[in-house]
There are 2 protein chains.
Amino acid sequence: MAEKIQRLPGFRDFFPEDCAVRNYIFSKWRDVSAIYGFHEYDGPILEPTELYKKKSGDEILTQLFHFEDRGERSVAMRPELTPTLARMAVARQRDYKKPLRWYGIGQFFRYEKPQKGRTREFYQLNTDILGEKSKEADAEIISFAIDIMRSMGFTNNDFVIRLSDREVWLDFLNSESISEDSQESFLQTIDKLERQNPEKTQKDLQTLGTSLESVNNFINTNHEKSHFHNILDNLKARGLSDFVKIDLNVVRGLAYYTGTVFEVFDTKKNMRAVAGGGRYDKLCSVISDGATDIPACGFAMGDVVISDLIKSTKAANSKLLNHLAVNDCADVYLVIADENKRTEAIKTLQELRNSGFKTVHSLAQVKVAKQFSSAENLKARTAIIIGREFPEVTVKDLFNKTEQVVNIDDISKTVETIIKSPLDPPLFS
Amino acid sequence: MAEKIQRLPGFRDFFPEDCAVRNYIFSKWRDVSAIYGFHEYDGPILEPTELYKKKSGDEILTQLFHFEDRGERSVAMRPELTPTLARMAVARQRDYKKPLRWYGIGQFFRYEKPQKGRTREFYQLNTDILGEKSKEADAEIISFAIDIMRSMGFTNNDFVIRLSDREVWLDFLNSESISEDSQESFLQTIDKLERQNPEKTQKDLQTLGTSLESVNNFINTNHEKSHFHNILDNLKARGLSDFVKIDLNVVRGLAYYTGTVFEVFDTKKNMRAVAGGGRYDKLCSVISDGATDIPACGFAMGDVVISDLIKSTKAANSKLLNHLAVNDCADVYLVIADENKRTEAIKTLQELRNSGFKTVHSLAQVKVAKQFSSAENLKARTAIIIGREFPEVTVKDLFNKTEQVVNIDDISKTVETIIKSPLDPPLFS
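Given the structure is predicted, the values throughout are model-derived calculations rather than measurements.

**Q** Sorry, what's going on with the confidence of the model for chain A here?
**A** Predicted coordinates in areas of low pLDDT are best not read in detail. Looking at chain A, pLDDT values average 92 and 97% of them are 70 or higher. Considering only residues more than four positions removed or in separate chains, one finds that residues 424-429 of chain A, a stretch of pLDDT under 50, has 6 contacts.

**Q** How should the sheet that holds strand S3 (residues 66-68) of chain B be read in this particular structure?
**A** In a beta sheet, neighbouring strands pair by backbone hydrogen bonds and run either parallel or antiparallel. Residue and element names in this part refer to chain B. What the 3 strands build is an open sheet, ordered S2-S4-S3; its pairing is antiparallel. Strands with a single pairing partner mark the edges of an open sheet, and in this sheet they are strand S2 (46-48) and S3. Recorded for the sheet is a direction-independent mean angle of 35° between the axes of neighbouring strands. The pairing of S2 with strand S4 (residues 74-77) spans 3 bridges and is classified as antiparallel. In the sheet register, Glu47 faces S4, and the bridge partner there is Ala76.

**Q** I keep staring at the domain arrangement of chain A and nothing clicks. Help me out?
**A** When the parts come together, some accessible area is lost, and that loss is often what is quoted as the size of the interface. According to the domain assignment, chain A consists of domain 1 (16-322) and domain 2 (330-420). Placing a centre on the C-alpha atoms of domain 1 of chain A and another on those of domain 2 of chain A gives a separation of 50 Å.

**Q** In this structure, what is going on with the packing of aromatic side chains? I would like to understand it.
**A** Geometrically, a pair of aromatic rings is defined through the distance of the ring centres and the angle of the planes. Residue and element names in this part refer to chain A. In the structure shown here, the tally under the stated rule is 49 aromatic pairs over all chains. Centre to centre, the rings of Phe14 and Tyr123 are 5.8 Å apart; their planes meet at 70°, and the pair counts as edge-to-face. With Phe14 in the segment before helix H1 (16-35) and Tyr123 in strand S6 (residues 121-130), this residue pair connects regions lying 109 residues apart in the sequence. Its relative accessible area of 5% is what places Phe14 among the buried residues. Using a relative accessible area of 6% as the deciding quantity, one classes Tyr123 as buried.

**Q** Looking at this structure, how should I read the packing of H1 of chain A against helix H4 (residues 135-151) of chain A?
**A** Two numbers describe a pair of packed helices, the interaxial angle and the distance between the axes. Residues and elements named next belong to chain A. Remark: H1 packs on H4, axes separated minimally by 9 Å, with the N-to-C direction vectors making an angle of 135°. Between H1 and H4, the angle is such that the two are oblique. Once H1 is placed against H4, the crossing between them reads as right-handed. On the side of H1, the interface is formed by Tyr24, Lys28, Trp29, Val32 and Ser33, while H4 contributes Phe144, Asp147, Ile148 and Ser151.

**Q** Can you help me understand the interface of chain B and chain A in this one?
**A** Contacts between chain B and chain A engage 95 residues on the former and 95 residues on the latter. In total, about 8100 Å² of surface goes out of reach between chain B and chain A, with carbon and sulfur atoms giving 60% of it. Taken as a group, Ile5, Arg70 and Leu363 of chain B account for 10% of the area that chain B buries against chain A, more than any other trio of residues on that side. Across the contact surface, chain B and chain A share 12 salt bridges. There are 38 residue pairs in polar contact (both at pLDDT 80 or more) connecting chain B and chain A.

**Q** In this structure, what is going on with the pairing of strand S15 (residues 392-397) of chain A? I would like to understand it.
**A** On a regular strand, one side chain projects to one face of the sheet and the next to the other, so that they alternate. All names here are of chain A. Where strand S14 (residues 382-386) and S15 come together, 4 bridges link them in antiparallel fashion. Residue pairing across strands places Ala383 opposite Lys396, the latter belonging to S15. Between S14 and S15, which pair antiparallel and follow one another directly, the connecting turn spans 5 residues. In this structure, S15 lies alongside strand S16 (residues 402-407), joined through 6 bridges in antiparallel fashion. Bridge assignment links Lys396 to a residue of S16, and that residue is Glu403. From the end of S15 to the start of S16, which pair antiparallel, there are 4 residues, and Lys401 there has a positive phi angle of about 55°.

**Q** Please explain H4 of chain A as it appears in this structure.
**A** Along an α-helix, a turn takes 3.6 residues, which lines up residues three or four apart on a common side. An ideal rise of 1.5 Å per residue puts 24 Å on 17 residues; H4 of chain A measures up with 24 Å between its terminal C-alpha atoms. Taken from the residues just after H4 of chain A, Gly153 of chain A is the one with a positive phi, measuring 95°.

**Q** Looking at this structure, how should I read the sheet that holds strand S5 (residues 100-109) of chain A?
**A** All names here are of chain A. Strand order across the open sheet formed by 8 strands is S1-S5-S6-S11-S10-S9-S7-S8, with mixed pairing between neighbours. In this open sheet, the two edge strands, each paired with only one partner strand, are strand S1 (39-40) and strand S8 (244-246). The sheet contact formed by strand S9 (residues 260-266) and strand S10 (residues 273-279) spans 5 bridges and is antiparallel. Residue pairing in the sheet places Phe265 in a bridge with Ala273 of S10. Running at roughly 15° to strand S11 (residues 296-302), H4 makes contact with S5, S6, strand S7 (159-165), S8, S9, S10 and S11 of the sheet.

Cut-offs used in this document
- Residues numbered from 1 in each chain as written.
- Chains lettered and ligands numbered in written order.
- Predicted model: local features only at pLDDT ≥ 70, side-chain atom pairs only at ≥ 80, totals over all residues.
- Heavy atoms only, no water.
- pLDDT = per-residue confidence, 0-100.
- Contact = heavy atoms within 4.5 Å.
- Pairing = 2+ DSSP bridges.
- Helix = DSSP H or I, 4+ residues; strand = E, 2+ residues; numbered from the N terminus.
- Axes fitted to C-alpha atoms, helices over the stretch in contact; angles between N-to-C directions.
- Domains from an automatic or database assignment.
- Phe/Tyr/Trp six-rings, centres within 6.5 Å; stacked < 30°, edge-to-face > 60°.
- Buried < 20%, exposed > 50% of the residue type's maximum accessible area, 1.4 Å probe, protein only.
- Parallel < 35°, antiparallel > 145°, perpendicular 65-115°, else oblique.
- Left-handed = near helix turned anticlockwise from the far one by under 90°.
- Buried area = accessible area lost by both parts, 1.4 Å probe.
- Salt bridge = Lys/Arg side-chain N within 4 Å of Asp/Glu carboxyl O.
- Polar contact = N/O pair within 3.5 Å; in protein donor to acceptor, adjacent residues only side chain to side chain.
- Expected span 1.5 Å × (residues − 1).

Printed below as a string of structure tokens:
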């Protein structure tokens, strides 16, 4: 026998129960984006490889699914959305009033070693403000990040925004007389500060002309007044200051950031970044070879880490389960107790669906007990039993275990009343 | 200067106004799927190339974006969802009660010559019932297809379901004593009947041992009683018979169909199939090398043709525009008329968002007139003017051109009343 065909390593199947969780995360991403007045956009999943090389250099190739297409173009499955955003914004920036407030939800691909929290494909929310250089835009993006977390049921016990600014580090480089050429490797070293052993860091810093002691002293200086007061005052006015702390350890790995950088940090046992963002004022210029300059800041959150965090955080998980319970059940299971009434049942089925009720019936002729077991399996809220007595039908509230006999003409009203009635006992208390 | 990076041929950018149309189509697909009790699933965008070869033979390769990944696996960007569905259903069929009622919305990729109505990527709704062999399942899928069209504002003036059955053609082959080996090429010839010139068809049919005359006579025979009464009676009970006509010209191009086949046919000037489906009882067995047999029927609709059809059909297009008008506008634009009150404005912004209102403000300090022009640009329903008189603020209904002064504590109630008030004049009459 031939070998069974299996899905590729690092790729996920979304069976209905997995897809429902994915869609819950998407719904929160979309709801908060809408409330902030962001508009959804999307770009192609396949782009010229050049687009990514332009942003990140040739090293990016080792992480890409890239190949030559049948037309001999070098193409890559997108590893991120920002280069596409820059390409699109540059192409049609004159057609839109600034600032652009855009968000995208899509799938991305990176050829990496699959491990916990890291897959070869993932979904990501990307939210960006283009064409606005003020710190208010940075504050708006950070506030957005906080509200995404809050919408999922996380509190300031669960996460903190670690806020930093690359310009603060540039001041440091100036004060230490370190040349601008070393800027990138210096920031890479800072990025690794918390993970790398101190001797290695000390060595790296000394090569660059400074020391671990100077760096640590600088991190522990109070920078709030000078660099961060705009953002902090803004977040305070929103009532969100409790969610933010200044932390210069954060520089974010990606080279393209130019100012404010931040990450959403899981403060519980995992102690990891679950999302991040910042200001990248030069990317549009890089992508357009200097033709178009658009200041920008943005935020991205993947689905893999956040979905782990939801499942391991009690309040967030309850919120998820509650959503699934309400959204994934059928409103009505139509039980056909007398096959002679199948035509009437099918007519009722269509009428209930026309009224917007999620309605299912058995496609095969099976015993009533089996139909009830299907109703239970689908977590149907009500069962309507169509039998000999039609047009009188029995309506069962399958959660509250009550039943009533009604005329078929009153069926929509009856079902609506049951669906809207509070559950007893409640699904979650 | 380096060449400008452009998107690949046959791929689409979805700027916000395009993405809104895409999302409208998705919302209809999702709403009707939910009402029918289907559950959403999804699979990877990249699969082993073998999966598609197994279903469609090696010829499929010329239409695929396929390549060797860094782990030397032969992989392909998915051209369709059904092979993935079969792989998933086979892998975990014991975990779900039959029938599975699953739908997927995703993007697919085919290396074809881009032209009107055909791109190299497209979105598709796939809706399938697995594990039920009765004709009721076929009727359920056809009814679903009709309701997808109805949900978009199409009537039986706009489209018809052309219903056919491959088994009817197998009866014909039997009656003409044509061997089973010729079945596939015979069905391919029937598939081309309406597009190919009759002489060529006649030649093809004669090679197979029959004639155009026999075929045409057979098509014009009344087959309703014998083969189609189950489906037609079912659709009649649903009140949907007006949407269906028997038409044996339809066999659907794909080799894997085994019984009922149908297409949603645009009856207006374009005279083309906009979607289609049918029964494919052998696919799971093929994918699992005979290990697992699951009867199945399904339906698929792409986004490209349907979106053209919506835009060219008056009622459907009004429905789309109405949806966009309601969904894509901001609820509130917060006008800051006095910069000294920015903190109060930011606080109000957050409170409105906490209450679920889509609220936007100017991130930069700009003149009031410019803020109103932004409000108009965002099609904001109301403007709240925060000025010297705070906590008294002016609330403008930007559609009805009325205004009132209220205390900031009453702001949510005031905005809610305006948003819910009927528009005068109505957006669409």
